[in-house]
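# Breakdown of the fold
For reference, the chains in residue letters:
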Amino acid sequence: MDMRLTATDRDLATKARDFAEQILIPLEDECEEHDGLTPGSHASAKQAVLDWDFAAINHTEANGGKGYDTFQVMLIEEQWGRATGALWDIPWRPSIPLAAGTEAQKDRYLRPACRGERRDAYAITEAGAGSDVTYVETTAVRDGDGWVLNGTKWHVTSGDVADFLLVHAHVDGDPAKATVFLVDKDTPGVSVVRTPKYMHTFVFEHPIFAFEDVRVGDDQVLGEVGGGFELTKDWFVEERIMIGARTMGASTRALELSLEFAQRREQFGKPIVEFQAIEFMLADMAAEIMAAKSLLYRVCWEAARGGIDRKQLHAKASAVKLVCSETAGRVIDKAVQIHGGRGYMREQPVERLYRELRVDRIWEGTSEIQRVVIGNELRKRGVEAYTGWPAG
Ligand SMILES: Cc1cc2nc3c(=O)[nH]c(=O)nc-3n(C[C@H](O)[C@H](O)[C@H](O)COP(=O)(O)OP(=O)(O)OC[C@H]3O[C@@H](n4cnc5c(N)ncnc54)[C@H](O)[C@@H]3O)c2cc1C
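What comes next concerns the included structure.

### Focus on the overall build of the protein chain
From N to C terminus, the protein chain includes 11 helices and 10 strands. Compactness check: the protein chain gives a C-alpha radius of gyration of 21 Å against a globular reference of 21 Å for 392 residues, within 12% of the reference. Counting every position in the protein chain, which comprises 392 residues, the buried fraction comes to 54%. A separation of at least 24 residues holds for 74% of the contacts in the protein chain among residues at least 6 apart in sequence. Taken as a whole, the protein chain presents about 17600 Å² of accessible surface, with 53% of it coming from carbon and sulfur. For the protein chain, the distance from the average site of its 47 positive side-chain charges to the average site of its 62 negative ones is 3 Å.

### Thoughts on the packing of aromatic side chains
For the structure on display, the rule yields 14 aromatic pairs. Geometrically, the ring pair formed by Trp 88 and Phe 202 is edge-to-face, given 5.6 Å between the ring centres and 85° between the ring planes. Residue Trp 88 is located in the loop between α4 (70–80) and α5 (103–115), and its partner Phe 202 is located in the loop between β6 (190–194) and β7 (208–217); the two are separated by 114 residues in the primary sequence. Grouping aromatic residues by their ring pairs yields a cluster made of Phe 19, Trp 52, Phe 54 and Trp 80. The ring of Trp 88 carries Arg 246 above its face, with NZ or CZ at 3.7 Å from the centroid.

### Digging into the pairing of β7
Of all the 10 residues making up β7, 7 are buried; the element is thus mostly covered by neighbouring parts of the structure. The pairing of strand β3 (residues 146–153) with β7 spans 7 bridges and is antiparallel. Bridge pairing links Thr 152 to Ala 210 in β7.

### Things to note about the side chain of Asp 9
Relative to the helices and strands, Asp 9 resides in helix α1 (residues 7–24). Residue classification places Asp 9 among the buried positions, given a relative accessible area of 2%. At a separation of 3.1 Å, a polar atom in the side chain of Asp 9 contacts the side chain of Gln 72. Excluding residues within four positions of it along the chain, Asp 9 makes contact with Phe 71, Gln 72, Leu 75 and Arg 305.

### What about the site of the ligand?
Thr 125, Ser 131, Thr 157, Thr 366 and Glu 368 are the nearest of the 20 residues found near the ligand. Residue Tyr 122 places a main-chain N or O atom 2.8 Å away from a nitrogen atom belonging to the ligand. Between Ser 131 and the ligand, the recorded distance is 2.6 Å, taken from a side-chain N or O atom to an oxygen atom. Burial of the ligand by the protein chains amounts to 66% of its free accessible area of 970 Å². Every element with two or more residues in the shell around the ligand is listed here: β1 (120–123) and α10 (367–381). Across the shell around the ligand, the residue classes tally to 9 nonpolar, 9 polar and 2 charged.

### Topic: the packing of helix α6 (residues 228–264) against helix α9 (residues 349–356)
Two elements in contact, α6 and α9, have axes separated by 10 Å at closest approach and are oriented at 150°. Considering the angle they form, α6 stands roughly antiparallel to α9. α9 is crossed by α6, and the crossing has left-handed handedness. Residues Ala 250, Arg 253, Ala 254 and Leu 257 of α6 form the contact with α9, whose own contacting residues are Pro 349, Val 350 and Leu 353.

### Observations regarding the pairing of strand β5 (residues 178–184)
The buried count for β5 comes to 7 of 7 residues, which makes it a mostly enclosed element. Along β5, one buried face is formed by Ala 178, Val 180, Leu 182 and Asp 184 and the opposite face, lined by Thr 179, Phe 181 and Val 183, is buried too. As judged from the 7 bridges shared by strand β4 (residues 164–171) and β5, these two strands associate in the antiparallel manner. Note on β5: the bridge partner recorded for His 168 is Val 180. Following β4, the chain reverses through 6 residues before pairing antiparallel with β5; Asp 172 in that reversal takes a positive phi of roughly 60°. In this sheet, strand β8 (residues 221–222) lies alongside β5 in antiparallel orientation, the contact comprising 2 bridges. Looking at the pairing, Val 180 lines up with Leu 222 of β8.

How each quantity is defined
Residues numbered from 1 in each chain as written. Predicted model: local features only at pLDDT ≥ 70, side-chain atom pairs only at ≥ 80, totals over all residues. Heavy atoms only, no water. Helix = DSSP H or I, 4+ residues; strand = E, 2+ residues; numbered from the N terminus. Rg over C-alpha atoms; globule rule 2.2 N^0.38 Å. Buried < 20%, exposed > 50% of the residue type's maximum accessible area, 1.4 Å probe, protein only. Contact = heavy atoms within 4.5 Å. Areas by Shrake-Rupley, 256 points an atom, 1.4 Å probe, with all protein chains shown as cover. Lys, Arg positive; Asp, Glu negative; His and termini not counted. Charge placed at Lys NZ, Arg CZ, Asp CG, Glu CD. Phe/Tyr/Trp six-rings, centres within 6.5 Å; stacked < 30°, edge-to-face > 60°. Lys NZ or Arg CZ within 6 Å of the ring centre and 35° of its normal. Pairing = 2+ DSSP bridges. Polar contact = N/O pair within 3.5 Å; in protein donor to acceptor, adjacent residues only side chain to side chain. Near = heavy atom within 4 Å. Nonpolar A, V, L, I, M, F, W, Y, C, P; charged D, E, K, R; others polar. Axes fitted to C-alpha atoms, helices over the stretch in contact; angles between N-to-C directions. Parallel < 35°, antiparallel > 145°, perpendicular 65-115°, else oblique. Left-handed = near helix turned anticlockwise from the far one by under 90°.

Structure representation (structure tokens):
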């Protein structure tokens, strides 16, 4: 069993680490102080994404992306996850279901989004529909040769910088006809209800959008009418894996900072790392990161190169998200404790990560929902997905 990274993969991870260190992390203080970046900083960061060749890492070259496989995308996101302020979201990664579009839709939405000329956001959640997507009340009703959409969507991440939205709606209000529509933000009837503030500092916003009698054409239906649930599931799978990746990058940074601090900080005449209470916290952090990261790499390797099917990947992605995000929560709590009062200061990366990693146990399906997915897999197909090992 050869578990070593190939030279190509290792070089890619190194390049992503350099991008995080040279481009993203230097923007952290500005992002924290001003609750976002100035237009100038946004523009130069965007240019850096193009210069470093990191635009649309998750799409095929035919669709305008970089053609990396899931394992490579994960390696990149892991390094970007080191940055606070959600600066990892600056390099655009157009939603994966856009690849299910027609060639005309790809030319209108996906390929310009890959080039950085357009940007998407995904709108599923509503006031009454969170963990249970079948509760969505946004409707799409046939009208002549098009559709009329009505509804309200919550927490639309990067909706402020997006210029089109993937809107998960129910045709005729029927959950069996869940459908994803491509909606240009400047379409009459689309408006921002409000832009709430959240616990974390995030380089972009999560506005609430209203759709009032929004007319779209048949050419704005992504995939099939009734195929929306599967498309949205594909999005969840990719995002859950990427949350696994970023939480591991963030946890690793928190451990590095904590070790360095504990070796430097002296109390009672010696560096605090010499107190076993501190050393044991560091040991738990290291061991837990090793376990969660091993799971992440293994599942991503299977997804990219191991011939895993879609259902198995859905089941395993939930384990990745659950284990990595819960691990990160424990790691960052210890990191703040090791830093003492300094760990509570916003100027410290560990304080920011403490606030920012909390959402990883909530969005793209809470930890409870990941357990529901894992439980379903156990009941339907047994324990193999979790206890087995891929064989040649
Ligand atoms: C910062 C942020 C960004 C987001 N970005 C987006 C976005 O871009 N697009 C988008 O569509 N959505 C987005 N979301 C929404 C996010 O995916 C939901 O918040 C999440 O899925 C949970 O839904 P909910 O908030 O309605 O909680 P609820 O579903 O109301 O859950 C409340 C509690 O009940 C628990 N619960 C619910 N059902 C079960 C069950 N069956 N078993 C056990 N426990 C259960 C949950 O685990 C949770 O603890 C974002 C959310 C946040 C906070």
